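One-letter residues, chain by chain:
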Amino acid sequence: MSDNLRTHWRVLINCCCICEYNGFSTPVIWSTCHRIRRSCPRVGFYNGLRTTHVINFLSRPFAGKLLAEYGALVLRVDRHNIPVYQPTNDLLAEHKRSIRVNLKDVAGQGLILKLAQTADVIIDPFRPGVLEKLGLGPEVLCKENPRLIYARLAGFRRDGKYKNMAGHDINYISVSGALSLFGRADGKPYPPGNVVADFAGGGAMCFIGILLALLHRERSSKGQIVEANMVDGSAYMTTWPRFLINNGSIEWHGPRGTNLLDGGAPFYDTYETSDGKFMAVGALEPTFYSKFIQLLLPGEHIPDRSDPSNWDRLRVLFSERFLEKSRREWEIIFDGQDACVTPVKTLEDLHHERFDRRAAVKLEESPAKSSSSVWQGAALKPGEGGKDALENWWGFTEGDIWVHGINGHEMVTGIKPRL
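Note that the coordinates shown come from a computational prediction; the quantities given were computed from them, not determined experimentally.

### Notes on the overall build of the chain
Here's step 1: When its secondary structure is counted, the chain shows 14 helices and 13 strands.
Here's step 2: Looking at the 419 residues of the chain, the share that counts as buried comes to 48%.
Here's step 3: Once local pairs closer than 6 in sequence are excluded, the contacts in the chain between residues at least 24 apart make up 69%.
Here's step 4: On the chain, roughly 21,000 Å² of surface is accessible, and the fraction owed to carbon and sulfur atoms is 55%.

### Observations concerning unusual backbone geometry
Here's step 1: Residue Asp-186 is not a glycine yet carries a positive backbone phi of 65°.
Here's step 2: Here Asp-186 is to be found in the loop between α6 (169–176) and α7 (195–220).
Here's step 3: Since its relative accessible area comes to 87%, Asp-186 is described here as exposed.
Here's step 4: The backbone phi angle of Ser-221 is positive, close to 65°, even though this residue is not glycine.
Here's step 5: In this structure, Ser-221 sits in the loop between α7 and β8 (225–229).
Here's step 6: Since its relative accessible area comes to 42%, Ser-221 is described here as partly exposed.

### Quick word on the environment of Asn-89
Here's step 1: Checked against the element boundaries, Asn-89 lands in the loop between β4 (73–79) and β5 (96–101).
Here's step 2: Asn-89 gets classed as exposed once you look at its relative accessible area, which sits at 68%.
Here's step 3: Each C-alpha atom of the pair Asn-89 and Ala-379 lies 6.9 Å from the other, and the pair is 290 residues apart in sequence.

### Quick notes on the packing of aromatic side chains
Here's step 1: Inspection of every chain in the model, using the stated rule, returns 13 aromatic pairs.
Here's step 2: The interplanar angle of 80° and the centroid separation of 6.0 Å between the aromatic rings of Tyr-271 and Phe-318 together place this pair among those described as edge-to-face. Placement of the pair is Tyr-271 in strand β9 (residues 268–272) and Phe-318 in helix α11 (residues 311–322), with a sequence separation of 47 residues. Across the pair, Phe-318 and Tyr-271 agree in class, each one buried.
Here's step 3: Their ring planes at 20° and their centres at 6.5 Å tell us that Phe-292 and Phe-322 sit as a pair that is stacked. Of the two residues, Phe-292 is situated in helix α10 (residues 286–296) and Phe-322 in helix α11; the sequence distance between them amounts to 30 residues.

Thresholds applied
Residues numbered from 1 in each chain as written. Predicted model: local features only at pLDDT ≥ 70, side-chain atom pairs only at ≥ 80, totals over all residues. Heavy atoms only, no water. Helix = DSSP H or I, 4+ residues; strand = E, 2+ residues; numbered from the N terminus. Buried < 20%, exposed > 50% of the residue type's maximum accessible area, 1.4 Å probe, protein only. Contact = heavy atoms within 4.5 Å. Areas by Shrake-Rupley, 256 points an atom, 1.4 Å probe, with all protein chains shown as cover. Phe/Tyr/Trp six-rings, centres within 6.5 Å; stacked < 30°, edge-to-face > 60°.

In C-alpha cells:
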C-alpha cells in the first residue's frame, strides 16, 4: 500500500461508539494525520482509525478491542457522573483512551457531534431509539459525515417482540436456538459462559461488519449503517448443526447430548483422570480412532463403535481406563500421536505455564499491537487519556473547542458543530 493510500483511523467509544477514517489523498488531510501519526506509530492495518464504545456491555468493548489491537485509535466515552479515581470494570481497554460526557446535555451532545464529523465508525449499543432521541442517530450523523460507518450492536433484534426487553448472553442464545445445543443427554440446557453471544455472536460479528463496511467504503467512498445483534450473530454460529439437523444427517439427528459432536459419541467427549483433571478425545476418523484405542486399551477387544448401541459400553471402558492415570501421564502417552487426544487445560494452567497468548490473526505486513495485559486485562479510568485523544487524535485544542468540567468533556459554550 503506497503512502498516499495509507489510512488514518480514529475510533470513539461510549454510550455510543464512534470511529473515523481519513485517506492521505490531499496535503491538508496529510498535515492533520501526520501530526497524529507521530504520536501513534504505525502498527496494524487500521493505524489511526478512530472508534468509540460504551463500557458497560462486554460485547461493545470487545469490538473496540479488536480494532485497537490492529491499530485503530479507540476513544471510550464514559458517563460524566461516574467516579474518576478508579478504573471501571471494563478490562478490555488496552490501547484505548476515555472521555467523560453528559449525553443528556447540549454541550456534551455537541462534542459527540463534533467528533463524529471526522470519525470513521460509531458503535451504538443502545436499544432502538435511544441515541435518536438525543439527536445522535444515523439520520443526523451520517448526513453530516457521509463516510461515517454507524455500527449498531444490540442484544435482541432491533425489531420483533424482544426489541425493548433487557437481556443477557443466556437470553440471546436461548431465542436463537444456540442454547438448546449445549448440555448432556436428559439434562437441561447449560449456558457456555458468555462467549457465544457477547463475544462471538456480538462483538466479533460487529467487528466483521465494520470491516466489510470499510472495504465497501474503499470502493464507494460512502459509509453505511451496520446492524448487528447477538441473536442473529449466535444463530449464525449454529449454521452447521442447523444444516445437519434439517437434512436428516446421522451426525446430528437426535436430542441434545446424543449426537456425534455434542458429547453423545464416546470417542468425542472428555474423560476424568486420576488427579481430578480431564482429557479431551476427538477421535472421529478411523485412523485416529485406531491409534487412540492402541494407546488407551492396547491388546483389548473393543466393541464396534459403528453400532450406537455399543456407545454406553465404550464410554465405561474409556472412563475406567482414563481414571487409572493422571492427566500428565496421559499427556506423555498421547503427545505427538495422531489420536486426537489432548489435555483439558484450565486458564489457571495456561497462566502458570506462561502460555504464549498471540493475536487472533497474524498479519505479516501490518501486525497487531503487542499486549502487556494478556492475563489481567487492562482497565481505564473514566476520562483517562481523554485530553491526549482530543488534542492529538482529533486535533481539538482545549479551551478553543472543548473544556472539562462538572459535566465532563463538552463543547466550549457558544461553539456549535457544523451541521
